[in-house]
Amino acid sequence: MYAPPGVKTNHNEVPVPDKQRAWVLGDPGQLSMTEKQVPVPKKAEVLVRIDAVAICATDLEIIYHGPPASIQGGLPFNKNFTPGHEYMGTVAALGPGVDEYKIGQRVAVEIHAGCGQCKRCREGMYTSCHNYGLNYGDVDKGHRANGFTTDGGFCEYQVNSVNTLVALQDEMSDEEGTLVVTAGTAMYALTELGGLVAGESVCVTGPGPIGLMTVAVAKALGAQPVILTGTRDNRLEIGKQLGADAVINIRKTPDVVAEVKKLNGGKGVDYVVECSAASSAVNDAVRMVNRGGRVCLAAFAHEEVSVDVAHIVRNNIYLYGIRGEGKSATHRAEAYMRQKRFDATKIHTHTFPLDDLPTAIRYAKDRVDDAIKVVVKAKMDAASKVAAE
Ligand SMILES: [Zn+2]
Ligand SMILES: [Zn+2]
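Given the structure is predicted, the values throughout are model-derived calculations rather than measurements. The written sequence of each chain sets the order in which its residues are numbered from 1. All chains are assigned letters beginning at A, and all ligands numbers beginning at 1, according to the order in which they are written. Thresholds applied to this predicted model are a pLDDT of at least 70 for local features of residues and 80 or more for the giving and counting of side-chain atom pairs; totals over whole chains, interfaces and linings are not thresholded and use all residues. In computing side-chain properties, one takes all heavy atoms of the structure into account and sets aside hydrogens as well as water.

**Student:** Help me out: how do you make sense of the pattern of salt bridges in this one?
**Tutor:** Two side chains bearing opposite charge may form a pair once their charged atoms approach each other closely. Criterion for a salt bridge: a side-chain nitrogen of Lys or Arg within 4 Å of a carboxyl oxygen of Asp or Glu. The tally for this structure, following the rule as stated, stands at 18 salt bridges. The salt bridge involving Lys219 is made with Asp245; its shortest N-O contact spans 2.8 Å. Here Lys219, found in helix 5 (residues 209-220), pairs with Asp245, found in the loop between helix 6 (233-241) and strand 13 (246-249); they are 26 residues apart in sequence, far enough to count as distant. Accessibility expressed as a relative area gives 39% for Asp245, which makes it partly exposed. Residues Arg338 and Glu334 are paired through a salt bridge, measuring 2.7 Å at the closest nitrogen-oxygen approach. With Arg338 and Glu334 both in helix 10 (residues 329-338) and 4 residues apart, the pair spans about one turn of that helix. Relative accessibility under 20% of the residue-type maximum defines a buried residue, over 50% an exposed one, and the middle range a partly exposed one, all with a 1.4 Å probe and only protein chains included. On the basis of relative accessibility, which here comes to 44%, the residue Arg338 falls in the partly exposed class. Taken together, the salt bridges that share partners define one network made up of Arg106, Asp174, Glu175 and Lys377. Each helix is a run of DSSP H or I of at least 4 residues and each strand a run of E of at least 2, with the numbering of both proceeding from the N terminus.

Below, the structure is given as structure tokens:
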């Protein structure tokens, strides 16, 4: 029976075993199911029973290529590392001194728990922690980014700092709960980093999960118009359902910059959030914004791209990258979702049991059956498995 000293449990409410099933990363692309000890929460930490975990494009990057994961200062392969970061669950045990959450409470988790002592953490920008990945041996600064620098969510139980928890209402499904952080990232891009206020115009390039959530959050924040560009009509259609005022299929539109301007009364938009990672996207984005406009880069490009710097300088354009979901933006995203200001479940397409993680990854990677957000669940009843397939 799991009963570490100083840790509060309530086995009647949420039983906790000593061992758990956990996927670990071997060579690139190789995942195998093993057994791990259930981890023990320290001060200001809780143990979360993982009820659902979504697969993110960044998980695929990590599993097949390594970065941005960094385990013990290097690539994540063959280090008994468990990836997965977009999870939600139930508080299963409380570390010493924790009274902010109760055993049995449902929570979503932010990914990043910064060191708490560097300049950026002190500013609330813990996703840009200067001690990123320094969490081992005698360089342990306390930084945690589960699924990136420490064990993540493709397992049954994980430890999280109380700073990373977002309480969920019972009305929100597990699947929707996994999307709170995705929406929080969109919120951080638009408001905390971008400074968006109601009535400004936004174009989102690339209808992946972050792009679609950015459309939803921008519209909920009162942006007008919100324009979405992409190559797949089915995803653009979901963008419309999430609040896009106009969508542009760039395969059918030779001059996407001109089209964006036309849709905004002949002027560039105030913000572009680039979520496509296409090599032409940055130059398109800096031409889609009006003078003094802002471009947020939210996609990992695979190669270096050349950028028209003179255009950016002449037009006073702000260009900024975003990492994750800092300044507790996730809490505000959850509040919007609780008020049903947008329906994040529109981007959830498939659910598989935890044991079928490789299948789930194949659906996400190859977009089988038009998959967008694919979720895996450790405890999944037979009926919902059939429905998902
Ligand atoms: Zn992610
Ligand atoms: Zn820090």
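That shown, we press on.
**Student:** Before we go on, may I ask you to explain the coordination of the zinc ion (ligand 2) in this structure?
**Tutor:** Tetrahedral metal sites with four donors have an ideal angle of 109.5 degrees; octahedral sites with six donors have ideal angles of 90 or 180 degrees. Each metal's donors are the N, O and S atoms within 2.8 Å of it, or within 3.2 Å when it is Na, K or Ca, and because water is not part of the set, sites may look incomplete. Within the first shell, the zinc ion (ligand 2) binds the protein through Cys115 (SG), Cys118 (SG), Cys121 (SG) and Cys129 (SG), at distances of 2.3 to 2.4 Å. Coordination at the zinc ion (ligand 2) is tetrahedral, judged from the 4 donor atoms that bind it and the angles of 102 to 117 degrees they form at the metal. The motif formed by the donor residues of the zinc ion (ligand 2), counted along the single chain, is C-x2-C-x2-C-x7-C. The exposure classification of Cys121 matches that of Cys129, with both residues buried. Every angle between 85 and 135 degrees makes a four-donor site tetrahedral, while opposite donors more than 155 degrees apart, with all other angles between 65 and 115, make a four-donor site square planar and a six-donor site octahedral; other sites are irregular.

**Student:** Is there a simple way to think about the packing of helix 4 (residues 180-192) against helix 10 in this case?
**Tutor:** In helix packing, the relevant descriptors are the interaxial angle and the interaxial distance, both defined with respect to the helix axes. Fitting a line to C-alpha atoms yields each axis, with helices limited to the stretch in contact; the angle taken between N-to-C directions then spans 0 to 180 degrees. Here helix 4 crosses helix 10 at 115 degrees, and the two axes come no closer than 7 Å. Classed by the angle they form, the pair helix 4 and helix 10 counts as roughly perpendicular. Viewed along their axes, helix 4 and helix 10 form a crossing whose handedness is right-handed. Residue-level contacts link Val180, Val181, Ala183, Gly184, Met187, Tyr188, Thr191 and Glu192 of helix 4 to Ala329, Thr330, Arg332, Ala333, Glu334, Tyr336 and Met337 of helix 10. Roughly parallel means an angle under 35 degrees; roughly antiparallel, over 145; roughly perpendicular, 65 to 115; everything else is oblique. Note on convention: near helix rotated counterclockwise from far helix by under a right angle means a left-handed crossing. Clockwise means right-handed. Residue contacts follow a heavy-atom distance rule, with two residues in contact if any of their heavy atoms lie within 4.5 Å.

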